[in-house]
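# Fold and geometry: a report
Spelled out, the chains give:
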Amino acid sequence: MKIKTLLIANRGEIACRIARTARASGITPVGVHSQADANALHVREIGHSICIGAGPASESYLKIDAVIDAAKSVGADAIHPGYGFLAENADFARAVESAGMIFMGPTPDTLERFGDKASAKEAAVAASVPVISGAEGARSDPQQIADEVRAMGLPVLLKAVGGGGGRGQRLVTDETTLVEDIEGALREAKSTFGSEGLLLERFLPEARHVEVQIAGDGKGHVVHLFERDCTLQRRHQKVIEEAPAWGLPRALLDEIAHDAVRLGETLDYRGLGTVEFLVAGEEYFFLEVNPRIQVEHPVTEAITGLDLVALHLRIAEGAGLGLVQDDLKINGHAVEARLYAEDPAMQFAPSTGTLTTLSLPEGLRIDSGVEEGDAVTPFYDPMIAKLVVHAPDRETALARLATALDHVAVEGVQTNRAFLTALARNPEFEQMQVHTRWIDGRLDELTQASVLSRPDLWKAAAAILFVAASRSDASSNPWANRDTFTGWRLGLGGDAMEAGQHVTLTDAADISEEFRVGPIKGAGTYTVLSENGEAATLAVREVVPGRWRISEGDAVFLIDARLHADVIEMDTPEGRLVFRPAAPLDFAGGDAAADRSVASPLTGMIVEIKVADGQEVAEGDVIAVMESMKLEISIRATAAGIASNISVSNGDMVDRGQVIAEILPSEE
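Described below are features of the structure shown in this document.

## Considerations on the pairing of strand β6 (residues 156-160)
Among the five residues of β6, five are classified as buried, and the element is accordingly described as predominantly covered. Here β6 shows a buried face lined by V156, L158 and A160 and a second buried face lined by L157 and K159. Note that β6 and strand β7 (residues 169-172) share four bridges and pair antiparallel. Within the sheet, the bridge partner assigned to L158 lies in β7 and is R170.

Here's what the structure looks like:
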């Protein structure tokens, strides 16, 4: 059956990506959106979208009836669920097929088999695929779980049977926190996946995560599209992915791929899927099957030259795979980094807000669901973009990725850009001397602020450009007229710095510094004096609109710069830098008492209040636990003292920045 109209039951970058291939295949894409996404990029790009409910996913993207009704209203022949939301929901797949449409994914029975980790493990055992040892079947009784964990011996991994994509996992390493870990895992399993069932498995402390991309025609013909390495994870969430898996014997990888294909063949697998494994030395063990397209599918596309969405469409139309295993070859190396709106300084909590600046580098593949001016809301995954580099070899791919990350600029929200850059340049990762818990043991090192070789130079240049650009006289504006940029045409005698203008610059690390800028003899030459007394003399000239020649003595640098949305954005040889300029008085004052206010770091729901009014707490103690974007976030005391004025209760929704408690000084 030829698909003419395809409803994309998703949002963000994956909806945009599916729509592009659908159009290229002669298929009309139609989107869906929530009220919060009415102006989202996927709505704008697809061009025709149906509103299916309110902002929370449970009231829109997870509403099966609303999605089906939207598909019927536009006469869709098929529905593509993307990843997340309803992609692995067997009831949704049945509803799509009952409505006479094609579900672009496995059969409902297959989804049920792999949607439950216990039954997925049973399927792997039946196909003679190695699995990790542990208690058989799922458990939901806390006491029974505690007894079995003690019998197995620590460490043990608790895995929600309905979990996936790294979510719903909790590692138990300490007997003293066993009860708390079990209760938290059961609570998360129920709230996030609708089931309290947990699997108990032996934990492999230093394993690599290798997954195999498979594709099947639903009639027993299954091929693999080689493997991806997803070892770099933070708390079971993938951070950087690559293909192929570097540093492992090809014979071992071929054996893993063969097992993945055999598992797919036993179930007459239909569509795209990923079979995930842990590799420890020369052993490998089945983890789970993700019966859908993966976030990291672009690296597989890069090394195989295939369009996986186009292949998926072909399978859905009943045309088969159109290829056999011998047709597939590996070309080069590809690596993908996930750029998120999240704050590494706040336990990587999602960061919401408007993207006042979003500049992404050229020369590589970028899949994104947002543009500058769009908002990151508390309702959905806070991914900004996926940066994908393809090169002849891994060393080149990592180097290009690091350089690309240097030239990413985002303002309005916090991001993990610097964290990704540190990973891309880490010597241990370059040699693949890492495992799935490697990041968690090095977070302090990996989240340290990057050090520029010439921060003074770039700040001085930014101060000059901003102060001149702020002139109302257009003829003195360096952004408009390079020939008449002569400072402020002071020429009145005396110390030029006395008449210099003040500016305060705040960098990406929220560190503010005050400067004074004044001209010296010679058009376009300026002295910048910092608050610590250091002076820099620079010659600044615009060579073409937006491109500047910065001279310091015999050294010459070319930078691209723009002033917009109250920020200065500069693309320098050391990367893309953003400064927020303001009058110094804007930073005056401050209330030390604010340090004793405990505020919510983002919008979400309070899961548990951990202290009572009048209770003594130490700095860093957990005051409350909140849930936002499917993550549990600990809100901690900002100082030692007495907890007071607790203004929220379990189950309350709170806004970002809302004060939920105060820490009063203790009598001591």
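Moving on from the model shown.
## With respect to the environment of E362
Topologically, E362 is positioned in the loop between β18 (357-359) and β19 (365-368). On the accessibility criterion, E362 (78% relative accessible area) is exposed.

## Some details on the pattern of salt bridges
The tally for this structure, following the rule as stated, stands at 46 salt bridges. Close ionic contact of K386 with E13 constitutes a salt bridge, the shortest N to O distance being 3.2 Å. One end of the pair, K386, is in strand β21 (residues 383-391); the other, E13, is in helix α1 (residues 12-24), and 373 residues separate them in sequence. Here K386 matches E13 in class, with each residue buried. Bridged by salt links that share partners, the residues E211, R228, K238, E241, E276, E296 and R338 form one connected network.

## Describing the packing of helix α5 (residues 108-115) against helix α6 (residues 117-126)
It is at 5 Å that the axes of α5 and α6 come closest, and there the two elements cross at 100°. Classed by the angle they form, the pair α5 and α6 counts as roughly perpendicular. Residues E112, R113, F114 and G115 of α5 touch α6, and the partners they reach there are K117, S119, A120 and A123.

## So, the state of the cysteines
A full pass over the atoms with the stated rule returns zero disulfides. Summary of cysteine pairing: C51 is not part of a disulfide, and the nearest cysteine sulfur, belonging to C16, is at 17 Å.

## Quick word on the sheet that holds strand β2 (residues 28-33)
Consider a sheet: its strands pair through backbone hydrogen bonds, and that pairing is either parallel or antiparallel. Across the sheet, five strands lie side by side as β3-β2-β1-β4-β5; this open sheet has parallel pairing. Both outer strands of the open sheet, β3 (49-51) and β5 (102-103), are each paired with one neighbouring strand and no more.

## With respect to the pairing of strand β9 (residues 208-217)
Of all 10 residues that make up β9, 10 are buried, and the element is covered over most of its length. Alternating positions in β9 separate into two faces, R208, V210, V212, I214 and G216 on one and H209, E211, Q213, A215 and D217 on the other, with burial throughout. Where β9 lies against strand β12 (residues 270-280), 10 bridges are found, and the strand directions are antiparallel. By the bridge assignment for β12, E211 is matched with E276. Note: β9 against strand β10 (residues 222-234), six bridges, orientation antiparallel. Looking across to β10, one finds that V212 is bridged to E227. Once β9 ends, the chain turns through four residues before running back antiparallel as β10, passing G218 with a positive phi of about 85°.

## Quick look at unusual backbone geometry
Trans is the prevailing form of peptide bonds, just as negative phi is the prevailing case for residues other than glycine. Cis geometry is found at the peptide bond from L154 to P155, where omega equals 0°. Omega for the peptide link from A243 to P244 comes to -5°, which places this bond in the cis form. Inspection of the secondary structure assignment puts P244 in the loop between β11 (237-243) and α9 (250-266). Phi is positive for H236, which is not a glycine, with a value near 70°. Residue class for H236 comes out buried when judged on its relative accessible area of 14%. In this structure, F348 is a non-glycine residue whose phi angle is positive, near 60°. Among the secondary structure elements, F348 is positioned in the loop between β15 (342-343) and β16 (349-350).

Rules used throughout
Starting afresh in each chain, residues are numbered from 1 along the sequence in its written order. Residue-level local features of this predicted model are given only where pLDDT is at least 70; pairs of side-chain atoms are given and counted only at 80 or more, and the full residue set underlies all totals for whole chains, interfaces and linings. Just so you know, side-chain values use all the structure's heavy atoms and leave hydrogens and water out. Throughout, exposure labels follow a simple rule: accessible area from a 1.4 Å probe, protein chains only, divided by the maximum for the residue type, with under 20% read as buried, over 50% as exposed, and the rest as partly exposed. Strands are runs of DSSP state E lasting at least 2 residues, helices are runs of H or I lasting at least 4, and numbering of each runs from the N terminus. For two strands to count as paired, DSSP must find a minimum of two bridges between them. A pair is scored as a salt bridge if a Lys or Arg side-chain nitrogen falls within 4 Å of a carboxyl oxygen belonging to Asp or Glu. Comment: axis = line fitted to C-alpha atoms, over the contacting stretch for helices; angle = value between 0 and 180 degrees taken between N-to-C directions. The cut-offs work like this: below 35 degrees is roughly parallel, past 145 is roughly antiparallel, 65 to 115 is roughly perpendicular, and the gaps in between are oblique. Any two residues having at least one pair of non-hydrogen atoms within 4.5 Å are treated as being in contact. Cysteine sulfurs are considered disulfide-paired once they come within 2.5 Å of each other.

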